[in-house]
Amino acid sequence: MAKKKSRTKPSSDLLKLLATRPKAVALAALHVSESVLLELEASELLSAAEIRGLLKDAAMTLRNAAEQTDNRSCLIASEIVDSMRENFRRNKT
């Protein structure tokens, strides 16, 4: 039987940081996501076209959420994802 990975609870310092610095959390998530996409392409698990499609779908989902809930944050997030997709296209062609 496989050994279960132990998951420790985040420290209270980390939880406080996450709660008080949402912009930093968002920026970290954005950079990690971009790094993962670049690594998926470099390892040839996804093509550049597939990554652009994934980003297009994410932007569309965020736009739809913004329209349904009148959520400005979702709209801005969709614009950020669209910008990532455009930069990815420009750098890969």
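See above for the structure.
Each value, and the rule that gives it
Residue positions within a chain follow its written sequence, with the count starting from 1. The model is predicted, so local features are restricted to residues of pLDDT at least 70 and side-chain atom pairs to those at 80 or more, both for listing and for counting; the totals for chains, interfaces and linings are taken over all residues. The basis for every side-chain value is the complete set of non-hydrogen atoms in the structure, without hydrogens or water. In this text, buried Ala, Val, Leu, Ile, Met, Phe, Trp, Tyr and Cys residues form a nonpolar core when linked through side-chain atoms within 4.5 Å. Each residue is placed in one exposure class: buried if its accessible area under a 1.4 Å probe, protein chains only, is under 20% of its type's maximum, exposed if it is over 50%, and partly exposed if it falls in between. Secondary structure elements are defined from DSSP: runs of H or I of at least 4 residues count as helices, runs of E of at least 2 residues count as strands, and each element is numbered from the N terminus. For this analysis, residues touch if any pair of their heavy atoms sits within 4.5 Å. Each salt bridge in this description consists of a side-chain nitrogen of Lys or Arg and a carboxyl oxygen of Asp or Glu lying within 4 Å of one another. The definitions used throughout rest on a 1 Å grid laid over the protein atoms alone, on which a cavity is an enclosed set of points accommodating a 1.4 Å probe that cannot get out and a pocket is an open set flanked by protein within 12 Å on both sides along at least five of seven lines; lining residues are those having an atom within 4 Å of a point. Grid points are joined across faces, edges and corners, and a volume is the space filled by probe spheres set on the points. Under the scheme applied here, ten amino acids are nonpolar (Ala, Val, Leu, Ile, Met, Phe, Trp, Tyr, Cys and Pro), four are charged (Asp, Glu, Lys and Arg), and all others, including Gly, are polar.

Student: Which residues make up the nonpolar core, and what values do they have?
Tutor: Looking at soluble globular proteins, one finds that nonpolar side chains tend to be buried together. Formed by Leu 37, Ala 48, Ile 51, Leu 55, Ala 59, Val 81, Met 84 and Phe 88, the largest nonpolar core amounts to eight residues. Within the residue set of this core, elements represented by two or more residues are helix 3 (48-69) and helix 4 (72-92). If you tally residues by element for this core, the top one is helix 3, at four residues. Ignoring sequence-local partners within four residues, the contact set of Val 81 consists of Leu 55, Ala 58, Ala 59 and Leu 62.

Student: Would you mind going over the pattern of salt bridges in detail, with residue names and values included?
Tutor: Evaluation of the coordinates by the stated rule reveals two salt bridges. Residue Asp 82 is joined to Arg 63 by a salt bridge in which the shortest nitrogen-to-oxygen separation is 2.8 Å. Of this pair, Asp 82 sits in helix 4 while Arg 63 is found in helix 3, placing the two residues 19 residues apart along the sequence. Here the salt bridges share partners, and the residues they tie into one network are Arg 63, Asp 82 and Arg 85.

Student: Hey, could you go over the layout of surface pockets for me, with residue numbers and the actual values?
Tutor: Roughly 450 Å³ of volume is contained in the largest pocket. What lines the largest pocket is a set of 17 residues, and nearest its centre among them are Ala 26, Leu 27, Leu 30, Ala 77 and Ile 80. With eight residues, the single largest contributor to the lining of the largest pocket is helix 2 (residues 22-42). Grouping the amino acids of the lining of the largest pocket by side-chain chemistry returns 14 nonpolar, two polar and one charged. Glu 34, Leu 38, Met 84, Asn 87 and Phe 88 are the residues nearest the centre of the second largest pocket, which is lined by ten residues in total. Those elements giving two or more residues to the lining of the second largest pocket turn out to be helix 2 and helix 4. Ranked by residues supplied to the lining of the second largest pocket, first place goes to helix 4 with six residues. Partitioned by chemical class, the residues of the lining of the second largest pocket number five nonpolar, three polar and two charged.

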